[in-house]
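Architecture and fold: a report
One letter stands for each residue in the lines below.
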Amino acid sequence: MSDEDLMEKFQSGYEQAFNILVDRYQDRLHNFLYRYTHDHQDCEDLVQETFFRVFRSRHSYERIAKFSTWMYTIAINLAKSLYKKKKRMTKVTIHKDPDDSEDRPMKLEDTNILPDDSLHEKMCMDQLEKALEELSDDFKEVVILRDIQQLSYEEISEIADLPMGTVKSRINRGRAQLQELLENYVYPETISA
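Predicted, not measured: the structure shown is a model, and the values here were computed from it.

Moving on, we get to the nonpolar core. Counting residues in hydrophobic clusters, the biggest one holds 44 residues, and the most contacted among them are Leu33 and Phe67. Those elements that provide at least two residues to this core are helix H1 (3-11), helix H2 (16-37), helix H3 (40-56), helix H4 (67-88), helix H5 (116-134), helix H6 (137-148), helix H7 (153-160) and helix H8 (164-183). Ranked by the residues each element gives to this core, the list is headed by H4, at ten residues. Shared between two domains, this core holds at least three residues of each, these being domain 1 (3-94) and domain 2 (116-186). Sequence-distant contacts of Leu33, that is, excluding residues within four places in its chain, are made with His38, Cys43, Leu46, Val47, Thr50, Ala75 and Ala79.

Spelled out as structure tokens, the structure:
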């Protein structure tokens, strides 16, 4: 059954349809929002708030739009609002205070040892995450929607409320910036026995 059919059933009072939609999109939405926020707690809160808004606004959904486009639009708007709110908040550091002779630097040790392949994959993902963080919000949003969430250009155009040409241009420019940022990363060579 399509997402749109499930949404119609949900609008008619069949609440199990909502649960199916949550099951279908919870992980995808989490992955998308994490790449936008880089914070698991914020991400969890945004996922819950997105589904709450879908539940609460179910009667405003019209089938002329794909359900996923409608839902991602809600999610991205919530993420942008959170970002604006956090920009206004002050930040506290846990680094050593040079003016306090009693303050000692905090040591954080990772006792988990990863196998080489897992370590390599983790390092690659870390580099990609860092590079994504350095992109401007305009580029980051469309690159994540296209290359990670694998949405169509049309869906991205609707979600971001941008003309198709702007979407394609931002995706290309964002990819070019990512490529530049990742060029300095040297992949460890595999050793053959």
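We are not done yet, so read on.
Aromatic ring pairs are defined here through the distance separating the ring centres and the angle between the ring planes. The full count for this structure, using the stated rule, is nine aromatic pairs. Seen in terms of ring centroids, Phe67 and Trp70 are 6.2 Å apart; in terms of plane orientation they differ by 50 degrees. Their pairing is tilted. Of this pair, Phe67 and Trp70 are both found in helix H4, three residues apart, which corresponds to roughly one turn of the helix. Among the residues examined, Trp70 registers a relative accessible area of 16% and is labelled buried. Seen from the ring of Tyr14, Lys9 lies directly overhead, with NZ or CZ sitting 5.7 Å from the centre. Arg28 extends its terminal NZ or CZ atom over the ring of Tyr25, reaching a point 4.4 Å from the ring centre.

The next thing to look at is the packing of H6 against H7. Put simply, H6 and H7 touch, their axes get as near as 10 Å, and they point 145 degrees apart. In the crossing of H6 with H7, the sense of the turn from one axis to the other is right-handed. Residues Glu141, Val142, Leu145 and Arg146 of H6 touch H7, and the partners they reach there are Tyr153, Ile156, Ile159 and Ala160. Split into classes, the residues belonging to the contact of H6 with H7 amount to six nonpolar, no polar and two charged.

Note that Glu8 resides in helix H1. Sequence-wise, Glu8 and Arg63 are 55 residues apart; in three dimensions their C-alpha atoms are separated by 8.0 Å. Looking at Glu8, its side chain comes within polar contact range of the side chain of Arg63, at 3.3 Å.

What follows covers the pattern of salt bridges. Overall, the coordinates contain nine salt bridges when judged by the stated rule. Of the charged contacts, one joins Arg63 and Asp5 as a salt bridge, the two residues approaching to 2.7 Å between their closest N and O atoms. Placement of Arg63 in the loop between H3 and H4 and of Asp5 in helix H1 is noted, with a sequence separation of 58 residues between them. Here Asp147 and Arg175 are joined by a salt bridge, their closest N and O atoms 2.6 Å apart. You can see Asp147 sitting in helix H6 and its partner Arg175 sitting in helix H8, a full 28 residues away along the chain. Residue classification places Asp147 among the partly exposed residues on the basis of a relative accessible area of 34%.

Here the focus is the environment of Tyr36. Following the sequence through the fold, Tyr36 ends up in helix H2. Once the C-alpha coordinates of Tyr36 and Glu133 are considered, the two residues, 97 residues apart in sequence, prove to be 8.2 Å apart. When residues no more than four places from it in sequence are discounted, the contact partners of Tyr36 are Ile76, Ala79, Lys80, Asp137, Lys140, Glu141 and Ile144.

Glancing now at H8. Here H8 is 20 residues long and its end C-alpha atoms lie 29 Å apart, about the 28 Å a rise of 1.5 Å per residue gives. Listed as buried for H8 are Val167, Arg170, Ile171, Gly174 and Leu178. Buried residues of H8 fall within an arc of 105 degrees about the axis and therefore sit on the same side. With respect to the buried face of H8, the exposed residues turned more than 90 degrees away are Gly165, Gln179, Glu180 and Glu183.

Reading the values: rules and limits
- Residues numbered from 1 in each chain as written.
- Predicted model: local features only at pLDDT ≥ 70, side-chain atom pairs only at ≥ 80, totals over all residues.
- Heavy atoms only, no water.
- Core = buried A, V, L, I, M, F, W, Y, C linked by side-chain atoms within 4.5 Å.
- Buried < 20%, exposed > 50% of the residue type's maximum accessible area, 1.4 Å probe, protein only.
- Helix = DSSP H or I, 4+ residues; strand = E, 2+ residues; numbered from the N terminus.
- Domains from an automatic or database assignment.
- Contact = heavy atoms within 4.5 Å.
- Phe/Tyr/Trp six-rings, centres within 6.5 Å; stacked < 30°, edge-to-face > 60°.
- Lys NZ or Arg CZ within 6 Å of the ring centre and 35° of its normal.
- Axes fitted to C-alpha atoms, helices over the stretch in contact; angles between N-to-C directions.
- Left-handed = near helix turned anticlockwise from the far one by under 90°.
- Nonpolar A, V, L, I, M, F, W, Y, C, P; charged D, E, K, R; others polar.
- Polar contact = N/O pair within 3.5 Å; in protein donor to acceptor, adjacent residues only side chain to side chain.
- Salt bridge = Lys/Arg side-chain N within 4 Å of Asp/Glu carboxyl O.
- Expected span 1.5 Å × (residues − 1).
- Arc of directions from axis to C-beta.

Taken by themselves, the reported measurements are silent on function.
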